[in-house]
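Understanding the architecture of this molecule
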Protein chains: 2
Amino acid sequence: MREDATSDPLETVRDRGQITRRSATWNIVHAMDESAAGSGAQSIHRALTLLNLLGVMARDRPDGVTLADLAHVSGRPKASVHRVLNALVQLGYAERIEPSGRYRLGLQSQILGELAGERTDPLLRLASPSLVRIAELSEDTTFLTVRQGSFSLCARREEGFGEIRNNALAVGDRHPLGVGAGSLAILAALEDAEVEHVIEVNGEIMSRRYPRISADVLRGIVDRTRRDGYALNEGLVAPGSWAVAVIINVPGRGPTAALSVASIEPRLSGARRDELVAVMKKEASVIEASLANQQHDEGAGPVSPRAQAPRRTS
Amino acid sequence: MREDATSDPLETVRDRGQITRRSATWNIVHAMDESAAGSGAQSIHRALTLLNLLGVMARDRPDGVTLADLAHVSGRPKASVHRVLNALVQLGYAERIEPSGRYRLGLQSQILGELAGERTDPLLRLASPSLVRIAELSEDTTFLTVRQGSFSLCARREEGFGEIRNNALAVGDRHPLGVGAGSLAILAALEDAEVEHVIEVNGEIMSRRYPRISADVLRGIVDRTRRDGYALNEGLVAPGSWAVAVIINVPGRGPTAALSVASIEPRLSGARRDELVAVMKKEASVIEASLANQQHDEGAGPVSPRAQAPRRTS
DNA sequence: TATTGCCATTCCATAATACGGACCGCACTT
DNA sequence: AAGTGCGGTCCGTATTATGGAATGGCAATA
């Protein structure tokens, strides 16, 4: 499982420092994880992580992403990325734009989303109004983050209409748990043992991509989050980009989601922060309540624990 | 649901003859392919094909699909499916419904679709009006099929509002090239050498899932399609389900898509069939023309300077 | 209560598979 | 002409996935 993590990243960091693309968001926040690969499925992990990365990178690049970029950002050898990409293209999940040879997501990815969307996750549906309300009220950008193993995934983003825009986080972005306010809120809500497990599992990638956030720093902000009752990210991920987050306790799934608001320090300090947190906590409990109701509606009725779907509509 | 059909452990072939009705769609049409695995990427092939299969199956089964079903339909050992499914769940592409342990597509699949959807394939966008017109005019269900290696993928479906509904094909369904009218139209439009290559590559799966469609039968209907100028499927896939299709020559990508209309024999015979085909051919050239225009528009000028997704939907 | 089947899950020896460093050829720049 | 960065390919190695068989659990059946 060992990879020489320490050899290349330094250079990549240097490159990036010089080029400094404007939409360098994903440059900082995204990376491949091999974590929690439990049983034999590394290649699937890699392939699907790469697929997501492709989607995120291609969003800001209408012409597609080059193989080199993809390899560079994911931190994997070109040959490997190339091989995976070929498979994705063959299956239609990725697409190769012809004259340039760049890549973007393919038709099959879109269709997969449609298949998935036919039955949207209730969490997303029920959280949406809250996101909108918070965004309107705060005039800052608001996010819904969900847990995904030892990572967090930005599932929804709602623009506020204030002067300040924050591009540090977008739908589809994945971070190790603890990186970013929402992610931190989720991490802090876990049992101690599980926190340690996550830190352990993500150790390599954390030191590789976020050397400033050591295990001890992480433990520190987890503790603070627990004391405060909300998570605060003081520009740890992207300098100048602050955020606050509160946990959402999803009925049946535990504390696996978070609401967060991103902005700049002045707008997240003092009284304003407290007010914001209060509003967010209220919305979090609104979401929890409607999820609980929803679940009862579904759970009730003639269906025993093991619902065998007797009807066939078609 | 018709579980009695699946009591048969191995031979899906047999229950096809007996069951085969609408709800069992994927029972007939879906299967795993290992085809065209060119370089090393089998496991990715398997994983992503299974993912799509999960999406298609779960669409008709609100409670999700069991591992056994998935293994049965895909024709792969349970252990293998289980391993892949675990990886998919870990990554959020699949989800495990808890009390029952069944599976459905996960949040990440949905988000992937959103990432892909921000820049919809022009083909789909521009074909949509034609699909609607044909569906209205014919009062039958109309499809857009696209090539995907040695397979075809149903990308769009537009309901007609006639009395007859046809459930033999749905968005996300994949068939070996040649199976179904649209798929056949695409196959017939390929070079001879490539047709043979496809037949070769799909050989195993064809004999396993569609024993009635031998290589020679396939060559026969390809020839007929070329002579007629349109593809006709006389219930070869699902008894009683007929369809006609015409090829779409996508500028820059060649004959990789098809328009098709599915119905029953009486509605696809004689003069009506000819009229329908005429309309479809006209629409196909409309689509080809608008794609060509679109491409010129894109090719020229410095594009709309990276639109930064200003709108938030939802 | 005992039985039977179905289903998910785990194991493990084997062999197939993915891996990635090195290399190639091309297009465009200096 | 030399240099640079790109996408793509090769190929020996050892890591990895594989799937048949065995296990355990849960329900409905006898």
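Up top you'll find the structure we're talking about.
Residues numbered from 1 in each chain as written. Chains lettered and ligands numbered in written order. Predicted model: local features only at pLDDT ≥ 70, side-chain atom pairs only at ≥ 80, totals over all residues. Heavy atoms only, no water.

Some thoughts on the pairing of strand β7 (residues 242-250) of chain B
Residue and element names in this part refer to chain B. In terms of burial, β7 is largely enclosed, as seven of its nine residues are buried. Bridge analysis of strand β6 (residues 231-234) against β7 gives four bridges, and the strand direction is antiparallel. Residue pairing in the sheet places L232 in a bridge with V244 of β7. The antiparallel hairpin formed by β7 and strand β8 (residues 254-263) contains three residues in its connecting segment, where G252 sits at a positive phi of about 90°. (Buried < 20%, exposed > 50% of the residue type's maximum accessible area, 1.4 Å probe, protein only. Helix = DSSP H or I, 4+ residues; strand = E, 2+ residues; numbered from the N terminus. Pairing = 2+ DSSP bridges.)

Considerations on the relation of the copies chain B and chain A
Superposing chain B onto chain A takes a rotation of 180° plus a shift of 0.1 Å along the axis, which leaves an RMSD of 0.1 Å. As the rotation angle and translation indicate, the two copies are arranged about a two-fold axis. Residues of chain B ranked by C-alpha distance from the rotation axis are headed by G113 of chain B, positioned 1.8 Å from it. When the interface residues of chain B are mapped onto chain A, 90% of them again lie at the interface, so the same face is used by both copies. (Least-squares fit on C-alpha atoms with pLDDT ≥ 70 in both. Contact = heavy atoms within 4.5 Å.)

Section: the protein's contact with DNA strand C
With respect to spatial proximity, 18 residues lie near DNA strand C, and among them R46 and R83 of chain A together with Q42, A68 and R96 of chain B are the closest. Close to the protein, within 4 Å, the atoms of DNA strand C are drawn from sugar and phosphate at a rate of 76%. One of the side-chain nitrogen or oxygen atoms of R46 of chain A is found 2.8 Å away from a phosphate oxygen of DNA strand C. Going through the elements one at a time, α5 (78-91) of chain A together with α3 (42-59), α4 (67-74) and α5 (78-90) of chain B are the ones with two or more residues in the surface near DNA strand C. (Near = heavy atom within 4 Å. Polar contact = N/O pair within 3.5 Å; in protein donor to acceptor, adjacent residues only side chain to side chain.)

Description of helix α3 (residues 42-59) of chain A
With 18 residues, α3 of chain A extends 26 Å between its outermost C-alpha atoms, agreeing within 8% with the 26 Å of an ideal straight helix rising 1.5 Å per residue. Along α3 of chain A, 15 of the 18 residues are buried, which leaves the element largely enclosed by surrounding structure. (Expected span 1.5 Å × (residues − 1).)

Here's the deal with the interface of chain B and chain A
Taken together, the contact between chain B and chain A spans 69 residues of the former and 71 residues of the latter. Taken over both partners, the interface formed by chain B and chain A buries close to 5900 Å², and the fraction arising from carbon and sulfur atoms is 58%. If you look at where chain B meets chain A, you find two salt bridges. Elements represented by at least two residues in the side of chain B that touches chain A include exactly α3, α5, β2 (102-105), α6 (107-117), β3 (141-148) and β4 (151-158) of chain B. Tallied by class, residues from the side of chain B that touches chain A come to 28 nonpolar, 23 polar and 18 charged. (Buried area = accessible area lost by both parts, 1.4 Å probe. Salt bridge = Lys/Arg side-chain N within 4 Å of Asp/Glu carboxyl O. Nonpolar A, V, L, I, M, F, W, Y, C, P; charged D, E, K, R; others polar.)

Section: the protein's contact with DNA strand D
Surveying the vicinity of DNA strand D reveals 18 residues, the closest of which are Q42, T66, A68 and R96 of chain A together with R83 of chain B. When the atoms of DNA strand D within 4 Å of the protein are grouped by moiety, sugar and phosphate amount to 74% of the total. In this structure, A41 of chain A approaches DNA strand D through a main-chain N or O atom, which is 3.0 Å from a phosphate oxygen. Those elements that provide at least two residues to the surface near DNA strand D are α3, α4 (67-74) and α5 of chain A together with α5 of chain B. Looking at the surface near DNA strand D, its residues break down into seven nonpolar, six polar and five charged.

Remarks on the pattern of salt bridges
Tallied over the full model, the rule gives 30 salt bridges over all chains. We note a salt bridge from R61 of chain B to D69 of chain B, for which the minimum N-O separation is 2.5 Å. Of the residues examined, D69 of chain B reaches a relative accessible area of 8% and is grouped as buried. Between E196 of chain B and R219 of chain B there is a salt bridge, and its shortest N-O distance comes to 2.7 Å. Taken as a pair, E196 of chain B in helix α9 (residues 192-201) and R219 of chain B in helix α11 (residues 215-228) lie far apart in primary sequence, 23 residues in all. On the basis of relative accessible area, R219 of chain B is assigned to the partly exposed category, the value being 29%. Ionic contacts of the salt-bridge type, sharing partners, join the residues R59, D60 and D173 of chain A into one network.

Remarks on the environment of V244 of chain A
Residue and element names in this part refer to chain A. When you line up the elements, V244 lands in strand β7 (residues 242-250). Residues V244 and Y230, spaced 14 residues apart in sequence, show a C-alpha to C-alpha distance of 7.0 Å. Once you skip the residues sitting within four places of it in the chain, V244 turns out to touch A181, Y230, A231, L232, L259, S260, V261, L268, R273 and M280.

Focus: the sheet that holds β4 of chain B
Paired through backbone hydrogen bonds, the strands of a sheet run either parallel or antiparallel to each other. Residue and element names in this part refer to chain B. A sheet is described by the order of its strands in space; here six strands give the open sequence β5-β4-β3-β8-β7-β6, paired in antiparallel fashion. Edge strands, defined here as strands with exactly one partner in the open sheet, are β5 (174-176) and β6. Strand after strand, the sheet turns through a mean of 30° between neighbouring axes, direction not considered. Here β3 runs beside β4; their pairing, made up of seven bridges, is antiparallel. Paired with V146 across the strands is L153, a residue of β4. (Axes fitted to C-alpha atoms, helices over the stretch in contact; angles between N-to-C directions.)

Brief notes about the sheet that holds strand β8 (residues 254-263) of chain A
Residues and elements named next belong to chain A. With antiparallel pairing, the six strands of this open sheet are ordered in space as β5-β4-β3-β8-β7-β6. The sheet terminates laterally at β5 (174-176) and β6 (231-234), the two strands that pair on one side only. Going from strand to strand, the sheet's axes swing by 30° on average, the running direction of each strand aside. Strand direction decides the pairing type here: strand β4 (residues 151-158) and β5, joined by three bridges, are antiparallel.

Considerations on the environment of R59 of chain B
Summarising the element assignment, R59 of chain B is placed in helix α3. Separated by 111 residues in the primary sequence, R59 of chain B and A170 of chain B have C-alpha atoms spaced 9.9 Å apart.

So, the packing of helix α9 (residues 192-201) of chain A against helix α11 (residues 215-228) of chain A
Residue and element names in this part refer to chain A. The N-to-C vectors of α9 and α11 enclose an angle of 150°; their axes lie 11 Å apart at closest approach. The orientation of α9 relative to α11 falls into the category roughly antiparallel. Between α9 and α11 lies a crossing of right-handed hand. Of α11, the residues touching α9 (which contributes D192, V195, E196 and I199) are A215, L218, R219 and R226. Grouping the constituent residues of the contact of α9 with α11 by class yields four nonpolar, no polar and four charged. (Parallel < 35°, antiparallel > 145°, perpendicular 65-115°, else oblique. Left-handed = near helix turned anticlockwise from the far one by under 90°.)

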